[in-house]
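# Structural overview
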Amino acid sequence: GSLSIACNVTNVGHRVAEEVVQLYVHDQVASRVRPVRELKGFKKIILEPGETQQVDFTLVRQNLLFASAAHSRHSETYTVEAGLFTIWVAPSSTEGLPVSFELLGPDGPMI
């Protein structure tokens, strides 16, 4: 499964502006400690004064993989676990409003 994420970005200034729109994810309850905000994608856009652009991201199951407890120097084992996740689309790792989704089962959809 995959999750489509879209947001609108508007240049409210009087000059042409460049913005790096960033997608962050947090696994709320993982078997291992996960980063508070993990960068999963970004897009650089250029906006004319007053212009609004829609920015789209697609989050797939592989984006949520992390090294499992069985991971070692000799054996690379990655996993993704069902549960609640939080996403942010923001200009930096300290901004943005959180939105949650749930990953259902090891092969289930993202809702």
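Below, the structure is looked at part by part. From a predicted model like this one, the values you see are computed outputs, not experimental measurements.

Attention now moves to the packing of aromatic side chains. Evaluation of the coordinates by the stated rule reveals 1 aromatic pair. Centroid distance F85 to F101: 5.2 Å. Interplanar angle 10°. Geometry classified as stacked. Of this pair, F85 sits in strand 7 (residues 83–90) while F101 sits in strand 8 (residues 99–103), placing them 16 residues apart in sequence. The same class applies to F85 as to F101, namely buried. Directly above the aromatic system of F57 lies the positively charged group of K43, at a separation of 5.2 Å from the ring centroid.

To continue, consider a nonpolar patch on the surface. A contiguous nonpolar surface patch, about 280 Å² in accessible area, is contributed by V20, L39 and F42. Relative to the helices and strands, V20 is located in strand 2 (residues 17–27). Note on V20: relative accessible area 31%, which makes it partly exposed.

Moving on, we get to the nonpolar core. Counting 18 residues, the largest nonpolar core has L59 and L64 as the members making the most contacts within it. When contributions to this core are tallied by element, the ones reaching two or more residues are strand 1 (2–10), strand 2, strand 3 (38–47), strand 4 (52–60), strand 7 and strand 8. When residues in this core are grouped by element, the largest group, 4 residues, is from strand 1.

Now for the pattern of salt bridges. If you walk through the whole model with that rule in mind, you get 3 salt bridges. For E18, the salt bridge is made with K44, and the minimal N-O distance between the two is 3.2 Å. Residue E18 is located in strand 2, and its partner K44 is located in strand 3; the two are separated by 26 residues in the primary sequence. For the residue pair E18 and K44, the accessibility class agrees, reading exposed in each case. In this structure, the salt-bridge partner of K40 is E38, at a minimum N-O distance of 3.5 Å. Accessibility expressed as a relative area gives 23% for K40, which makes it partly exposed.

Our focus in this paragraph is the sheet that holds strand 2. Within the open sheet, the 4 strands sit side by side as 3-2-7-8. Their pairing is antiparallel. Here the strands that pair on one side only, and so sit at the sheet edges, are strand 3 and strand 8. Looking at each pair of strands side by side, their axes are set apart by 20° on average, direction ignored. In this sheet, strand 8 lies alongside strand 7 in antiparallel orientation, the contact comprising 5 bridges. When the sheet's bridge partners are listed, G83 is paired in strand 8 with L103.

With that settled, consider the side chain of N11. With respect to the helices and strands, N11 occurs in the loop between strand 1 and strand 2. Using a relative accessible area of 8% as the deciding quantity, one classes N11 as buried. Polar side-chain contacts of N11 include one of 2.8 Å to the backbone nitrogen of G13. Looking at N11, its side chain comes within polar contact range of the main-chain oxygen of E48, at 3.4 Å. In this structure N11 touches V16, A17, L47, E48, P49, G50 and E51, once residues within four positions along its chain are discounted.

The rules behind each value
Residues numbered from 1 in each chain as written. Predicted model: local features only at pLDDT ≥ 70, side-chain atom pairs only at ≥ 80, totals over all residues. Heavy atoms only, no water. Phe/Tyr/Trp six-rings, centres within 6.5 Å; stacked < 30°, edge-to-face > 60°. Helix = DSSP H or I, 4+ residues; strand = E, 2+ residues; numbered from the N terminus. Buried < 20%, exposed > 50% of the residue type's maximum accessible area, 1.4 Å probe, protein only. Lys NZ or Arg CZ within 6 Å of the ring centre and 35° of its normal. Patch = residues over 30% accessible without salt bridge, like charges linked within 9 Å, V, L, I, M, F, W, Y side chains within 5 Å. Areas by Shrake-Rupley, 256 points an atom, 1.4 Å probe, with all protein chains shown as cover. Salt bridge = Lys/Arg side-chain N within 4 Å of Asp/Glu carboxyl O. Core = buried A, V, L, I, M, F, W, Y, C linked by side-chain atoms within 4.5 Å. Pairing = 2+ DSSP bridges. Axes fitted to C-alpha atoms, helices over the stretch in contact; angles between N-to-C directions. Polar contact = N/O pair within 3.5 Å; in protein donor to acceptor, adjacent residues only side chain to side chain. Contact = heavy atoms within 4.5 Å.

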